[in-house]
Amino acid sequence: MNDFIIAPSILSADFARLGEEVDNVLEAGADIIHFDVMDNHYVPNLTIGPMVCKALRKHGVTADIDVHLMVKPVDRMIGDFIEAGASFITFHPEASEHIDRSLQMIRDGGCKAGLVFNPATPLHYLKHVMDKIDMVLLMSVNPGFGGQSFIPGTLDKLREARALIDASGYDIRLEVDGGVSEKNIAEIARAGADTFVAGSAIFGKSDYKSVIDSMRKELASVRQ
Ligand SMILES: O=C(CO)[C@H](O)[C@H](O)COP(=O)(O)O
Ligand SMILES: [Fe+2]
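Residues numbered from 1 in each chain as written. Chains lettered and ligands numbered in written order. Predicted model: local features only at pLDDT ≥ 70, side-chain atom pairs only at ≥ 80, totals over all residues. Heavy atoms only, no water.

In the nomenclature of an unreviewed UniProt entry, the protein is known as Ribulose-phosphate 3-epimerase of Marinomonas rhodophyticola. As stated in UniProt under Sequence similarities (unreviewed entry), the record for the protein gives "Belongs to the ribulose-phosphate 3-epimerase family." (UniProt positions renumbered as here; feature names shortened; annotations may be inferred.)

Next up, the structure:
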C-alpha cells in the first residue's frame with residue numbers, strides 16, 4: 001500500500017452503476033474505497049448499508065473498503081459490516097455509548113478500527129484508546145453530504161492529531177474527509193494527513209485517472 005492513500009468516496013458515484021464505478025476508480029489508481037453509511041438519524045441523509053458492501057465484494061472488489069459509519073446507535077451495524085467484507089470500520093465517538101467496546105468489536109471481527117471527529121468534536125476521545133485504533137478520521141466538513149467546502153480550521157486540528165499519533169508510537173493512519181481536491185491535497189498532507197477521501201473531486205470529473213494522477217503529483221511534492 002502507498003504511504004499516501006487516496007480513498008474515493010462512492011457517495012458521489014453513480015449508484016445505478018456502482019460496481020462499474022468502483023472498478024473504474026480502482027483501475028484509475030485509487031488505493032481503497034471509502035463507503036459512507038448515513039442513517040437519517042445521526043446525520044440528515046440516508047445512503048447505503050451492509051448489503052451494498054457485500055454486493056461489491058461479490059462483484060469482485062478486492063481492494064480495502066473503508067466503511068465510515070454515520071449512524072446512531074453504532075454497535076448494531078458493526079457485525080453486519082464485518083460479515084459484509086469491510087476492511088476498516090470507523091465511527092463517531094459521540095454516537096457510541098461504549099467507545100472501547102465498539103472498537104474492540106471491530107478488531108475482534110478482524111477489521112481495522114477508527115474514530116471519526118466532526119469539525120467541532122474535540123480530540124480528547126482519543127486519550128484512552130490509542131492502543132485500540134488503526135485510524136483517526138478528521139471530518140473537514142459537517143457530515144451528511146458530499147460536495148461541501150473544506151473547513152480551513154481542519155489544518156490545525158490535523159497538526160494536533162498528527163502530534164498525538166506520533167507521540168503514541170502506534171501505527172495509526174490519519175485520514176481527512178470532506179472538500180479534498182487536487183487544489184488543497186498538498187496543503188492537507190503537509191498538515192499531517194496520509195489518507196485522503198475525495199468524492200465529488202473525483203466522481204465529479206469524467207476522467208478519474210487524470211484527477212488521481214494529479215493528486216499523486218501534488219502529494220509527491222510534499223514528500224521532498
Ligand atoms: O463522509 C462524507 C460526508 O459526510 C463524505 O465522505 C465526504 O463528504 C466526501 O465528499 P466530498 O469529497 O465531495 O466532500
Ligand atoms: Fe465519509
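### Looking at the coordination of the iron ion (ligand 2)
Looking at the iron ion (ligand 2), one finds its protein donor set to be His-34 (NE2), Asp-36 (OD), His-68 (ND1) and Asp-177 (OD), positioned 2.0 to 2.3 Å from the metal centre. Along the chain, the residues donating to the iron ion (ligand 2) fall in the pattern H-x1-D-x31-H-x108-D. Grouping residues by exposure puts His-34 and Asp-36 together as buried. (Donors = N, O, S within 2.8 Å, 3.2 Å for Na, K, Ca; no water. Buried < 20%, exposed > 50% of the residue type's maximum accessible area, 1.4 Å probe, protein only.)

### Remarks on the UniProt feature "binding site: a divalent metal cation" (unreviewed entry) in the protein
As recorded in UniProt, the feature "binding site: a divalent metal cation" (unreviewed entry) lies at His-34, Asp-36, His-68 and Asp-177. Spanning 144 residues, the named residues nonetheless gather at one spot, since no C-alpha pair among them exceeds 10.5 Å. For His-34, the residues in contact, after removing those within four places along its chain, are Ala-7, Pro-8, Ser-9, Ile-10, Asp-66, His-68, Leu-137, Glu-175, Asp-177 and Val-197. Within the local environment of His-34, its side chain forms a polar contact with the side chain of Asp-66, the two groups lying 2.9 Å apart. Within the secondary structure layout, Asp-36 lies in strand 2 (residues 33-38). The residues touching Asp-36, leaving out its near neighbours within four places in the chain, are Ser-9, Leu-11, Thr-47, Ile-48, His-68, Met-70 and Asp-177. One polar contact links Asp-36 to Ser-9, side chain to side chain, over a distance of 2.7 Å. (Contact = heavy atoms within 4.5 Å. Polar contact = N/O pair within 3.5 Å; in protein donor to acceptor, adjacent residues only side chain to side chain. Helix = DSSP H or I, 4+ residues; strand = E, 2+ residues; numbered from the N terminus.)

### Some thoughts on the packing of aromatic side chains
In total, this model carries three aromatic pairs according to the counting rule given. On the basis of an interplanar angle of 75° and a centroid distance of 5.8 Å, the ring pair of Phe-35 and Phe-81 is categorised as edge-to-face. With Phe-35 in strand 2 and Phe-81 in helix 3 (residues 75-84), this residue pair connects regions lying 46 residues apart in the sequence. Here Phe-35 and Phe-81 have matching classes, each one buried. (Phe/Tyr/Trp six-rings, centres within 6.5 Å; stacked < 30°, edge-to-face > 60°.)

### Describing the site of ligand 1
Within the structure, ligand 1 sits among 20 residues, and Asp-36, Gly-147, Asp-177, Gly-199 and Ser-200 are positioned closest to it. For ligand 1, an oxygen atom lies 3.2 Å from a polar atom in the side chain of His-68. Here an oxygen atom of ligand 1 and a side-chain polar atom of Asp-177 are 2.7 Å apart. For ligand 1, whose free accessible area comes to 370 Å², the fraction covered by protein is 100%. Contributing elements (two or more residues each) for the shell around ligand 1: strand 2, strand 3 (65-70) and strand 8 (195-198). Element by element, the count of residues in the shell around ligand 1 is highest for strand 2, at three residues. Along the lines of polarity and charge, the residues of the shell around ligand 1 split into eight nonpolar, 10 polar and two charged. (Near = heavy atom within 4 Å. Areas by Shrake-Rupley, 256 points an atom, 1.4 Å probe, with all protein chains shown as cover. Nonpolar A, V, L, I, M, F, W, Y, C, P; charged D, E, K, R; others polar.)

### Some points on the pattern of salt bridges
Applying the stated rule across the entire model yields 14 salt bridges. Across the salt bridge formed by Glu-21 and Arg-17, the nearest N and O atoms sit 3.5 Å from each other. Looking at Glu-21, the relative accessible area reads 3%, which means it is buried. A salt bridge links Asp-166 to Arg-162; the nearest nitrogen and oxygen atoms lie 3.1 Å apart. Of the two residues, Asp-166 and Arg-162 both sit in helix 5 (residues 154-168), four residues apart, roughly one turn of that helix. Here the salt bridges share partners, and the residues they tie into one network are Asp-14, Arg-17, Glu-20 and Glu-21. (Salt bridge = Lys/Arg side-chain N within 4 Å of Asp/Glu carboxyl O.)

### Examining the nonpolar core
The biggest cluster of nonpolar side chains holds 74 residues, and the ones touching the most others in it are Ile-10, Phe-35, Leu-69 and Phe-196. Residues in contact with Phe-196, not counting those within four places in the same chain, are Phe-4, Ile-5, Ile-6, Ala-7, Val-176, Val-180, Ile-185, Ile-188, Ala-189 and Leu-219. (Core = buried A, V, L, I, M, F, W, Y, C linked by side-chain atoms within 4.5 Å.)

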